[in-house]
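Structure at a glance
These are the residues of each chain, in order.
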Amino acid sequence: IRKSGILEMVTVTETLDNIGGLEKIKPWLRQKSGILENWAQARAFGVESPKGVLIVGMPGCGKSLTAKATAAQFALPLLKMDMGSLMGKYVGESENNMRRALQVAEAVSPCVLWVDEVEKAFVGAGSGGSGGGSEVTTRLFGYFLTWMQEKTKQVFVVATANDISALPPELLRKGRFDEIFYVDFPNAVEREAIFRVHLEKRRKLHSGIDLGAMAQATEGYSGADIESVVKEAIELAFLDGCKPLDTALLRRVTLDIQPLSVVMKDRIT
Ligand code: ATP
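Residues numbered from 1 in each chain as written. Predicted model: local features only at pLDDT ≥ 70, side-chain atom pairs only at ≥ 80, totals over all residues. Heavy atoms only, no water.

UniProt, in its Sequence similarities (unreviewed entry) section for the protein chain, records the words "Belongs to the AAA ATPase family. Highly divergent." (UniProt positions renumbered as here; feature names shortened; annotations may be inferred.)

Further remarks concern helix α11 (residues 223-239). Taking 1.5 Å as the rise per residue, α11 with 17 residues should run 24 Å; its terminal C-alpha atoms sit 25 Å apart, in good agreement. Within α11, burial applies to Gly223, Asp225, Ile226, Val229, Val230, Ala233, Ile234 and Ala237. With a side-chain oxygen positioned 3.3 Å from the backbone nitrogen of alanine 224, the residue opening α11 is serine 222. Count one or two residues on from α11 and you reach glycine 241, which has phi positive near 80°. (Helix = DSSP H or I, 4+ residues; strand = E, 2+ residues; numbered from the N terminus. Expected span 1.5 Å × (residues − 1). Buried < 20%, exposed > 50% of the residue type's maximum accessible area, 1.4 Å probe, protein only. Polar contact = N/O pair within 3.5 Å; in protein donor to acceptor, adjacent residues only side chain to side chain.)

Time to look at the packing of α11 against helix α12 (residues 247-256). How two helices pack is summed up by the angle between their axes together with the distance between the axes. Where α11 contacts α12, the axes come no closer than 9 Å and their chain directions differ by 120°. Classed by the angle they form, the pair α11 and α12 counts as oblique. The way α11 lies across α12 gives a crossing that is right-handed. Of α12, the residues touching α11 (which contributes Val229, Val230, Glu232, Ala233, Leu236 and Ala237) are Leu249, Leu250, Val253 and Thr254. Partitioned by chemical class, the residues of the contact of α11 with α12 number eight nonpolar, one polar and one charged. (Axes fitted to C-alpha atoms, helices over the stretch in contact; angles between N-to-C directions. Parallel < 35°, antiparallel > 145°, perpendicular 65-115°, else oblique. Left-handed = near helix turned anticlockwise from the far one by under 90°. Contact = heavy atoms within 4.5 Å. Nonpolar A, V, L, I, M, F, W, Y, C, P; charged D, E, K, R; others polar.)

In the vicinity of the ligand there are 17 residues, among which Gly20, Gly60, Ser64, Asn162 and Glu227 approach most closely. Taking serine 64, its side chain carries an N or O atom lying 2.5 Å from an oxygen atom of the ligand. Its free accessible area being 630 Å², the ligand has 80% of it covered by the protein chains. Counting only elements with at least two residues in the shell around the ligand, the list comes to α3 (63-74), α9 (188-201) and α11. Taken together, the residues of the shell around the ligand break down into seven nonpolar, eight polar and two charged. (Near = heavy atom within 4 Å. Areas by Shrake-Rupley, 256 points an atom, 1.4 Å probe, with all protein chains shown as cover.)

Moving on, we come to the side chain of serine 94. Tracing the backbone shows serine 94 in helix α5 (residues 93-108). Not counting residues up to four positions away in its chain, the partners in contact with serine 94 are Leu86, Met87, Gly88, Val136 and Leu140.

Turning next to the pattern of salt bridges. Evaluated as defined, the whole model comprises seven salt bridges. Ionic pairing is found between glutamate 23 and lysine 26, a salt bridge with its closest N-O pair at 3.2 Å. (Salt bridge = Lys/Arg side-chain N within 4 Å of Asp/Glu carboxyl O.)

Quick look at α3 now. With twelve residues, α3 ought to run about 16 Å at 1.5 Å a step, and its terminal C-alpha atoms sit 17 Å apart, in line with that. Residues of α3 that are buried include every one of Lys63, Thr66, Ala67, Ala69, Thr70, Ala71 and Phe74, and no others. On its buried side, α3 packs onto α1 (25-37), β2 (52-57), β3 (78-82), β4 (111-116), β5 (155-161) and β6 (179-183). Trailing α3 by a residue or two, alanine 75 shows a phi angle of about 55°, which is positive.

This brings us to the packing of aromatic side chains. For the structure shown, the criterion picks out four aromatic pairs. Pairing phenylalanine 74 with phenylalanine 156 gives two aromatic rings, centres 5.0 Å apart and planes at 75°, and the pair type is edge-to-face. Placement of phenylalanine 74 in helix α3 and of phenylalanine 156 in strand β5 is noted, with a sequence separation of 82 residues between them. A relative accessible area of 10% places phenylalanine 74 in the buried class. (Phe/Tyr/Trp six-rings, centres within 6.5 Å; stacked < 30°, edge-to-face > 60°.)

With that settled, the discussion passes to the sheet that holds β2. Sheet strands pair by backbone hydrogen bonding; their relative direction is either parallel or antiparallel. Taken in spatial order, the six strands line up as β1-β3-β4-β5-β2-β6 in an open sheet, and their pairing is mixed. Either end of the sheet is taken by a strand with one partner, and the two such strands are β1 (7-10) and β6. Across the sheet, the mean angle separating the axes of adjacent strands is 20° when strand polarity is ignored. Taken together, the five bridges between β4 and β5 define a ladder with parallel strand orientation. The residue bridging leucine 113 from the neighbouring strand is valine 157, located in β5. Each of β2, β5 and β6 is contacted by α1, which is oriented at about 150° to β6, the strand it contacts most. (Pairing = 2+ DSSP bridges.)

Let us now look at the nonpolar core. Ranked by size, the top nonpolar core spans 31 residues in total, and within it Met81, Leu113, Val115, Val118 and Phe144 carry the most contacts. Broken down by element, the residue count for this core peaks at six residues, all from helix α7 (residues 135-150). Excluding residues within four positions of it along the chain, valine 118 makes contact with Leu54, Met83, Ala159, Thr160, Ala161, Leu167 and Leu171. Residues Cys61, Leu78, Val112 and Val158 belong to the second largest nonpolar core, which totals 24 residues. (Core = buried A, V, L, I, M, F, W, Y, C linked by side-chain atoms within 4.5 Å.)

In the predicted model, the protein chain carries a mean pLDDT of 88, and 89% of its residues have values of at least 70. When the criterion is pLDDT under 50, residues 126-133 qualifies, and its contacts beyond four places in sequence or with other chains add up to 16 contacts. Predicted complex metrics record ipTM = 0.97 and pTM = 0.90. (pLDDT = per-residue confidence, 0-100.)

Written out as structure tokens, the structure is:
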């Protein structure tokens, strides 16, 4: 399972503090973490076992980052299940792969299981999915839902998806996941927070940098775009004789980096 790339143990360095914005998800995860930390008492008190969360939204806006930060917040190992590699060529292979992967996750439990690009496996499955519903994806989908519903081991699922329209409604129904969050391109306040995170992380934040101005200059930029701006500006400042970063340089780099939302818009139209 590991060799085939279906399941991977991910080393986590990011925490919830490394996420700018996503102000609904972060407190929710902190609350779940408080429950898992005191699970025995919580269960005795009548709290239900946390199942998992589905995070859907734009690329580069922090879904993977949140999956990793969840494991850090819960202080649990993170296993990443790759839906693309799970799909086998032979009859029964995909289900077999999924069954084995979930068995491994249960053996590793307590852990966080990050199911990346969950929509890939379910295109066509369920009543509302597009693509007509192949038998394999429908069976796989059923298997996953049943497992989610009935799992007794502490495997907290973080499923991430870019395309909500590819997800079968059954997956979105209340009760499958504890919660579903949508992530969009960051607004100005969130962009400011993301600049702060990336500048602080690289020890380049100082009072001379106008974060508000940078947030205004980056409308339509994703978190990943903002990270690119910071990285590029640091490289240029280094090549320019290790100059301290300033707003003018960050602005200049911003103009050179085409934000993801613009690239995506071009692709759609
Ligand atoms: P994809 O669907 O393309 O995998 P994603 O939503 O999972 O996208 P991430 O992989 O989490 O996006 O983001 C890429 C990188 O961009 C992150 O590692 C992080 O450095 C930066 N980033 C994205 N969003 C944020 C954010 N909200 N705060 C801080 N950094 C962010």
